[in-house]
Amino acid sequence: MIKTAYLAGGCFWGLEDLFREQPGVVDTEVGYTGGENDNPTYEFHPGHAEALAISYDTDQTDFAHLLDFFFRVHNPTTLNRQGNDVGSSYRSAIFYQDDDELNAAKDVIGKVNASDLYDGQPVVTSLEAFKRFWSAEDYHQDYLRKNPGGYTCHFVRSQQSLLET
């Protein structure tokens, strides 16, 4: 079965570039969610996070494993910031769709907090009920494939799964 997860962790370009190569991920799309207006744009998206819609095959991966990778490719301990990007648009957030996703998110956050990956700094990732996702403009889709030298602050901080510790 194909399901979709919605995550925000800074600029959506870098998240998309790393997630698209993960086992079980069948598609990615950058966009906006969690904000105040309908039909947000890059120029006007009050309260929305730059987010990533990740379509994945549940026979190959699950929500917890996507979250495990998510927490290893962005810094979830910086409030409303990733690298040089500052503001609520760049917050770390999990947009959960049901109690199973919410519980998985809480469990993985507990594992991140118990690890030494972020030198004892607590996770500030918000858990927000998913409402709606709006696709970003075409020029944002697959941005780092179109612009290989483009800006990203995302990288794999640990090869070790936090789920196996």
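Quick caveat, the model's predicted, so the values are computed rather than measured.

Caption draft 1: Spotlight on the pairing of strand β3 (residues 49-57). The element β3 is extensively covered by neighbouring structure, given that nine of its nine residues are classed as buried. Side chains Ala49, Ala51, Ala53, Ser55 and Asp57 of β3 all project onto a buried face; the interleaved residues Glu50, Leu52, Ile54 and Tyr56 project onto the opposite face, where all are buried too. Pairing between strand β2 (residues 25-33) and β3: eight bridges, direction antiparallel. Paired with Glu29 across the bridge in β3 is Ala53.

Caption draft 2: Spatial organisation of the side chain of His45. With respect to the helices and strands, the residue His45 is situated in the loop between β2 and β3. Given a relative accessible area of 12%, His45 falls into the buried group. Among the polar contacts made by the side chain of His45, one reaches the side chain of Ser89 at a distance of 2.8 Å. Excluding residues within four positions of it along the chain, His45 makes contact with Tyr32, Asn37, Pro40 and Ser89.

Caption draft 3: How the structure looks around unusual backbone geometry. You will see that Asn39, though not glycine, has its phi angle at about 55°, which is positive. Taking relative accessible area as the criterion, Asn39 reaches 56% and is therefore assigned exposed. A positive phi angle is found at Asp142, which is not glycine, with a value near 55°. Within the secondary structure, Asp142 is located in the loop between β8 (133-135) and α4 (143-146).

Basis of the calculations
- Residues numbered from 1 in each chain as written.
- Predicted model: local features only at pLDDT ≥ 70, side-chain atom pairs only at ≥ 80, totals over all residues.
- Heavy atoms only, no water.
- Buried < 20%, exposed > 50% of the residue type's maximum accessible area, 1.4 Å probe, protein only.
- Helix = DSSP H or I, 4+ residues; strand = E, 2+ residues; numbered from the N terminus.
- Pairing = 2+ DSSP bridges.
- Polar contact = N/O pair within 3.5 Å; in protein donor to acceptor, adjacent residues only side chain to side chain.
- Contact = heavy atoms within 4.5 Å.

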